[in-house]
Amino acid sequence: MVTLGVFFGLLMVVVAGLVWKISRRGSGPTRNAEGLRIEQAHRRAADRARRSYDAISQHDTLPLGDRYHDRR
């Protein structure tokens, strides 16, 4: 019983430490122009990926390219 108490106590300490670390990180605005350009590029890439790999584009395309070759 003591072993379980120690285990769960250590587990709670680890969880509390992770919560503290993540909350300390913050998600404030970028302070310089280079960082802003990087964020904008990542946002555009994520937007393109969302449009390229959504359900409609994946299920409404013809099987073309190297991935879809005949395996006889």
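Residues numbered from 1 in each chain as written. Predicted model: local features only at pLDDT ≥ 70, side-chain atom pairs only at ≥ 80, totals over all residues. Heavy atoms only, no water.

Here's the deal with the overall build of the chain
- Helix and strand content of the chain: three helices and zero strands.
- Written out in order from the N terminus, the α and β elements of the chain read α-α-α.
- Burial statistics for the chain: of 72 residues in total, 1% are counted as buried.
- With an accessible surface of roughly 7,400 Å², the chain has 61% of that area assigned to carbon and sulfur atoms. (Helix = DSSP H or I, 4+ residues; strand = E, 2+ residues; numbered from the N terminus. Buried < 20%, exposed > 50% of the residue type's maximum accessible area, 1.4 Å probe, protein only. Areas by Shrake-Rupley, 256 points an atom, 1.4 Å probe, with all protein chains shown as cover.)

Thoughts on the packing of aromatic side chains
- With the rule as written, the count across this model stands at one aromatic pair.
- Considering the side-chain rings of Phe 7 and Phe 8, the 5.3 Å spacing of their centres and the 65° angle between planes classify their relative orientation as edge-to-face.
- Residue classification places Phe 7 among the partly exposed positions, given a relative accessible area of 48%. (Phe/Tyr/Trp six-rings, centres within 6.5 Å; stacked < 30°, edge-to-face > 60°.)

Describing a nonpolar patch on the surface
- On the surface, Met 1, Leu 4, Phe 7, Phe 8, Leu 11, Val 15 and Val 19 cluster together into a nonpolar patch covering about 750 Å² of accessible area.
- With respect to the helices and strands, the residue Val 19 is situated in helix 1 (residues 2-25). (Patch = residues over 30% accessible without salt bridge, like charges linked within 9 Å, V, L, I, M, F, W, Y side chains within 5 Å. Salt bridge = Lys/Arg side-chain N within 4 Å of Asp/Glu carboxyl O.)

Here we look at the environment of Ser 23
- Among the secondary structure elements, Ser 23 is positioned in helix 1.
- For Ser 23, the side chain forms a polar contact with the main-chain oxygen of Trp 20, separated by 3.1 Å. (Polar contact = N/O pair within 3.5 Å; in protein donor to acceptor, adjacent residues only side chain to side chain.)

Describing the confidence of the model for the chain
- In the predicted model, the chain carries a mean pLDDT of 79, and the fraction of residues at 70 or more is 68%.
- Taken element by element, the predicted model of the chain shows its lowest mean pLDDT in helix 3 (residues 55-59) (68) and its highest in helix 1 (91). (pLDDT = per-residue confidence, 0-100.)

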